Amino acid sequence: MACRFYLFFSLSLLLFTPPSNSQSNQFCEAGIGYGEVGCGISSSTKLLIKGGTVVNAHHQEVADVYVEDGIIVAVKPDLKVSDDVKVIDATGKFVMPGGIDPHTHLAMEFMGTETIDDFFSGQAAALAGGTTMHIDFVIPVNDSLIAGLETYEEKAKKSCMDYGFHMAITKFDDIVSRDMEIIVKEKGINSFKFFLAYKGSLMVNDELLLEGLKRCKSLGALAMVHAENGDAVFEGQKRMIQLGIFGPEGHALSRPPVLEGEATARAIRLAGFVNTPLYVVHVMSIDAMEEIAKARKSGQRVVGEPVVSGLVLDDSGLWDSDFTTASKYVMSPPIRASGHDKALQGALSNGVLQLVGTDHCVFNSTQKAFGIDDFRKIPNGVNGIEERMHLVWDTMVESGQISITDYVRVTSTECARIFNIYPRKGAIIAGSDADIIILNPNSSFEINARSHHSRTDTNVYEGRRGKGKVEVTIARGRVVWENNELKVVPGSGKYIEMPPFNYLFSGIDKADASYLSSLNAPVKRSKSTT
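Residues numbered from 1 in each chain as written. Predicted model: local features only at pLDDT ≥ 70, side-chain atom pairs only at ≥ 80, totals over all residues. Heavy atoms only, no water.

Some details on the overall build of the protein chain
Then, in step 1: When helices and strands are counted, the protein chain shows 16 helices and 19 strands.
Then, in step 2: Relative to the 2.2 N^0.38 estimate, which gives 24 Å for 530 residues, the radius of gyration of the protein chain is 23 Å and therefore close to what a compact globule would have.
Then, in step 3: Dimensions of the protein chain, computed from C-alpha atoms along their principal axes, come out at roughly 95 × 55 × 45 Å.
Then, in step 4: Sequence separation of 24 or more characterises 76% of the internal contacts of the protein chain that already satisfy a separation of 6 or more. (Helix = DSSP H or I, 4+ residues; strand = E, 2+ residues; numbered from the N terminus. Rg over C-alpha atoms; globule rule 2.2 N^0.38 Å. Contact = heavy atoms within 4.5 Å.)

Below you can see the structure in the form of structure tokens.
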């Protein structure tokens, strides 16, 4: 379906954010078909990226990249092409796989409201920041996985980039067990998330977690946990209220690092008991990180995911005297005191933590004000889907903590491997999807709410500046971000199915067999004749 309108909207008009936003951001609100003429989007299906340094997770080289019909056709030096091919000069710049964000919440109903970024505005922001795919969390509807998926499929119809789904589990019975199999085998979802927090809503107990872990193992699906002790958090919240602490600082004080560490340790041990891989989302504390390090050192298959807010921020903002400022930092687990950020950076650089997400889950200042008199009512969540690629580069690469190839690994390739879509995604090699970014290491960026592409009116990274800017984003072979102009079409994104049994499951059956052979049981005993 061709675009019915050929209009250049400023982001402020399209997304109903303050009118001071940059006037150069371009959208076609009415378009449905991707890559059709109009809406400022080129109709060319052939593209040559020339002279850049092509970086993959384990190798980099100066080469050209030729793209046709959304697929990388060749990666070689000095490629010759016909005159009808669009050419982008990347000399002196890095050509890398587009980012994959493993952890987002778009159009999520939560705490009496809904996140302000939907599958169009959130993805548009992602593309402007160099992320070309994300994996969102489906929340069951009345505990029904199928109803939840249908709801999210409807929400995702306005997508403008590729996406996948995780599925949350909020109860367990025969119906849920059956539906988990359908979800994996027919719907292309290979991961299930269990919340150990949010008592009274999403939280599951140990019995349910164990049943879920066993079912995940049988299906070859990756179990994921939000690791905080929900019962203890509930007690901590009551304690803060009794002490007369009602502001955003009470959020952090009510759920200290020890509760994240305890839940992380418990989930790891239960996963070890079942012998199934475990993925710990948004690792925010030294306490949780050390439990992951210990498990991995022992040989257990545990993945740790820090999020960019935990890597670059500390909790001082929660004590700001202005409620709007303080409340924008409220997320769970909380942003921690200074020192945790540096420790998490170190863990990412030495391989204890494997990939970086965002937990992009944004609410505007009006929504955050629901809890102006009670921090328990502040919707939890911060931004990051647009800022992640820049902040990881500036924080980790510019500081020398990780290499450029490691940057590709933690922002793209490892996510593709874990969720079993590599090398279709997460690589610049012949045959891969043409999801590509061009990053200029000598260019600089500045983050603020006036110019970002999210619908929210605040930004937890407000005023932050750094080096290394994504100058071009290419999604499925189409240039969607260039010269600070965003050209995207609602409905152009594709759902990416993710098959089960990723590399973490390799050898699990042998480990189970070894365990069984080591039991020396049951023991045969003669029955007593007396």
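With respect to the side chain of Thr395
Then, in step 1: Along the chain, Thr395 turns up in helix 14 (residues 388–397).
Then, in step 2: Polar contacts involving the side chain of Thr395 include one to the main-chain carbonyl oxygen of Leu391, which spans 2.8 Å.
Then, in step 3: In terms of polar contacts, Thr395 uses its side chain to reach the side chain of Arg464, at 3.5 Å.
Then, in step 4: Contact partners of Thr395, with chain neighbours within four places excluded, come to Val312, Gln345, Gln401 and Arg464. (Polar contact = N/O pair within 3.5 Å; in protein donor to acceptor, adjacent residues only side chain to side chain.)

Considering the nonpolar core
Then, in step 1: Core analysis: the biggest nonpolar cluster contains 113 residues, and Met96, Phe165, Phe192, Phe194, Leu278, Leu353 and Tyr407 have the highest contact counts within it.
Then, in step 2: What Phe165 contacts, discounting residues up to four positions off in sequence, is Phe119, Ile135, Asp136, Val138, Leu149, Tyr152, Ala156, Ile189, Ser191, Tyr495 and Met498. (Core = buried A, V, L, I, M, F, W, Y, C linked by side-chain atoms within 4.5 Å. Buried < 20%, exposed > 50% of the residue type's maximum accessible area, 1.4 Å probe, protein only.)

As for the state of the cysteines
Simply put, disulfide is the name for a covalent bond between the sulfur atoms of two cysteines.
Then, in step 1: This model, assessed by the stated rule, comprises zero disulfides.
Then, in step 2: Here Cys216 is not disulfide-linked; the sulfur of Cys415 is the nearest cysteine sulfur, at 17 Å.
Then, in step 3: A relative accessible area of 0% places Cys216 in the buried class.
Then, in step 4: Just so you know, Cys361 is unpaired, no disulfide at all, and the nearest cysteine sulfur is the one on Cys415, 18 Å from it.
Then, in step 5: You can call Cys361 buried: its relative accessible area is 4%. (Disulfide = S-S within 2.5 Å.)

Topic: the confidence of the model for the protein chain
Then, in step 1: Averaged over every residue, the pLDDT of the protein chain is 92; the share at 70 or more is 91%.
Then, in step 2: Long-range and interchain partners of residues 1–43, a stretch whose pLDDT sits below 50, account for 98 contacts in this model, where long-range means more than four residues apart. (pLDDT = per-residue confidence, 0-100.)

Some thoughts on the packing of helix 9 (residues 286–297) against helix 12 (residues 340–349)
Packed helices, taken two at a time, are described by the angle their axes make and the gap between the axes.
Then, in step 1: One way to put it is that helix 9 packs onto helix 12 with a least axis distance of 9 Å and a crossing angle of 25 degrees. Between helix 9 and helix 12, the angle falls in the class roughly parallel. The interaxial crossing formed by helix 9 with helix 12 has left-handed handedness. On helix 12, the residues that touch Ile286, Asp287 and Met289 of helix 9 are His340, Ala343, Leu344 and Ala347.
Then, in step 2: Residues of the contact of helix 9 with helix 12, tallied by class, amount to five nonpolar, one polar and one charged. (Axes fitted to C-alpha atoms, helices over the stretch in contact; angles between N-to-C directions. Parallel < 35°, antiparallel > 145°, perpendicular 65-115°, else oblique. Left-handed = near helix turned anticlockwise from the far one by under 90°. Nonpolar A, V, L, I, M, F, W, Y, C, P; charged D, E, K, R; others polar.)

Brief notes about the packing of aromatic side chains
Then, in step 1: All chains considered together, the criterion is met by 13 aromatic pairs.
Then, in step 2: Between Phe119 and Tyr152 the ring centres are 6.5 Å apart and the planes differ by 85 degrees, which places this aromatic pair in the edge-to-face class. Of this pair, Phe119 sits in the loop between strand 9 (113–114) and helix 2 (121–128) while Tyr152 is found in helix 3 (residues 145–155), placing the two residues 33 residues apart along the sequence.
Then, in step 3: Of the residues examined, Phe119 reaches a relative accessible area of 0% and is grouped as buried.
Then, in step 4: Ring geometry for Phe119 versus Phe165: centroids 6.3 Å apart, planes at 80 degrees, classification edge-to-face. Of this pair, Phe119 sits in the loop between strand 9 and helix 2 while Phe165 sits in strand 11 (residues 162–169); the two residues are 46 residues apart in sequence, bridging distant segments of the chain. The pair Phe119 / Phe165 is uniform in exposure class, with both members buried.
Then, in step 5: Feature note: the residues Phe119, Tyr152, Tyr163, Phe165 and Tyr495 constitute an aromatic cluster, connected by ring pairs. (Phe/Tyr/Trp six-rings, centres within 6.5 Å; stacked < 30°, edge-to-face > 60°.)

Structural notes on helix 8 (residues 257–274)
Then, in step 1: With 18 residues, helix 8 should cover 26 Å at 1.5 Å per step; its first-to-last C-alpha distance of 26 Å lies within 8% of that length.
Then, in step 2: Counting buried positions along helix 8 gives 13 out of 18 residues, so the element sits mostly inside the fold.
Then, in step 3: Residue Asn275 follows helix 8 closely and has a positive phi angle near 65 degrees. (Expected span 1.5 Å × (residues − 1).)

Notes on the pairing of strand 17 (residues 465–475)
A regular strand places its side chains on the two faces of the sheet in alternate fashion.
Then, in step 1: For strand 17, the buried fraction is high: eight of the 11 residues fall into the buried class.
Then, in step 2: Two elements, strand 16 (residues 436–446) and strand 17, share eight bridges in a ladder whose sense is antiparallel. Looking at strand 17, one finds that Leu439 is bridged to Val470. (Pairing = 2+ DSSP bridges.)

A few points about helix 3
Then, in step 1: Along helix 3, the positions that sit buried rather than exposed are Leu145, Gly148, Leu149, Tyr152 and Lys155. For helix 3, the buried positions fall inside an angular range of 115 degrees around the axis, keeping them on one side.
Then, in step 2: Capping the start of helix 3, Ser144 holds a side-chain oxygen 3.1 Å from the backbone nitrogen of Ala147, two or three residues further along. (Arc of directions from axis to C-beta.)

Re the UniProt feature "domain: Amidohydrolase-related" (unreviewed entry) in the protein chain
Then, in step 1: Mapped onto this structure's residue numbering, the UniProt feature "domain: Amidohydrolase-related" (unreviewed entry) falls at residues 94–480.
Then, in step 2: Secondary structure over residues 94–480 splits into 37% helix and 18% strand, and the C-alpha atoms at its two ends are 17 Å apart. (UniProt positions renumbered as here; feature names shortened; annotations may be inferred.)

As for the sheet that holds strand 7 (residues 99–104)
Then, in step 1: The strand order 7-10-11-12-13-14-15 describes an open sheet built from seven strands, whose pairing is parallel. Strands at the two margins of the open sheet, each flanked by one partner only, are strand 7 and strand 15 (302–304). When the angles between neighbouring strand axes are averaged without regard to direction, this sheet yields 25 degrees.
Then, in step 2: With three bridges connecting them, strand 11 and strand 12 (residues 191–195) associate as parallel partners. Directly across from Met167, in strand 12, lies its bridge partner Phe192.
Then, in step 3: Packed on one face of the sheet, helix 5 (residues 206–219) meets strand 11, strand 12, strand 13 (222–226) and strand 14 (278–280) and runs near 170 degrees to strand 12.

Description of the environment of Leu344
Then, in step 1: Mapped onto the elements, Leu344 comes out in helix 12.
Then, in step 2: Accessibility expressed as a relative area gives 0% for Leu344, which makes it buried.
Then, in step 3: In this structure the C-alpha to C-alpha distance between Leu344 and Asp179, which are 165 residues apart in sequence, comes to 36 Å.
Then, in step 4: If sequence neighbours within four positions are ignored, Leu344 has contacts with Val283, Met284, Ser285, Met289, Gly310, Leu311 and Leu353.

Observations concerning the environment of Arg465
Then, in step 1: By the secondary structure assignment, Arg465 is in strand 17.
Then, in step 2: Not counting residues within four places of it along the chain, the set of residues in contact with Arg465 comprises Asp394, Phe445 and Glu446.
Then, in step 3: Of note is the side chain of Arg465, whose polar atom sits 3.4 Å from the side chain of Glu446.

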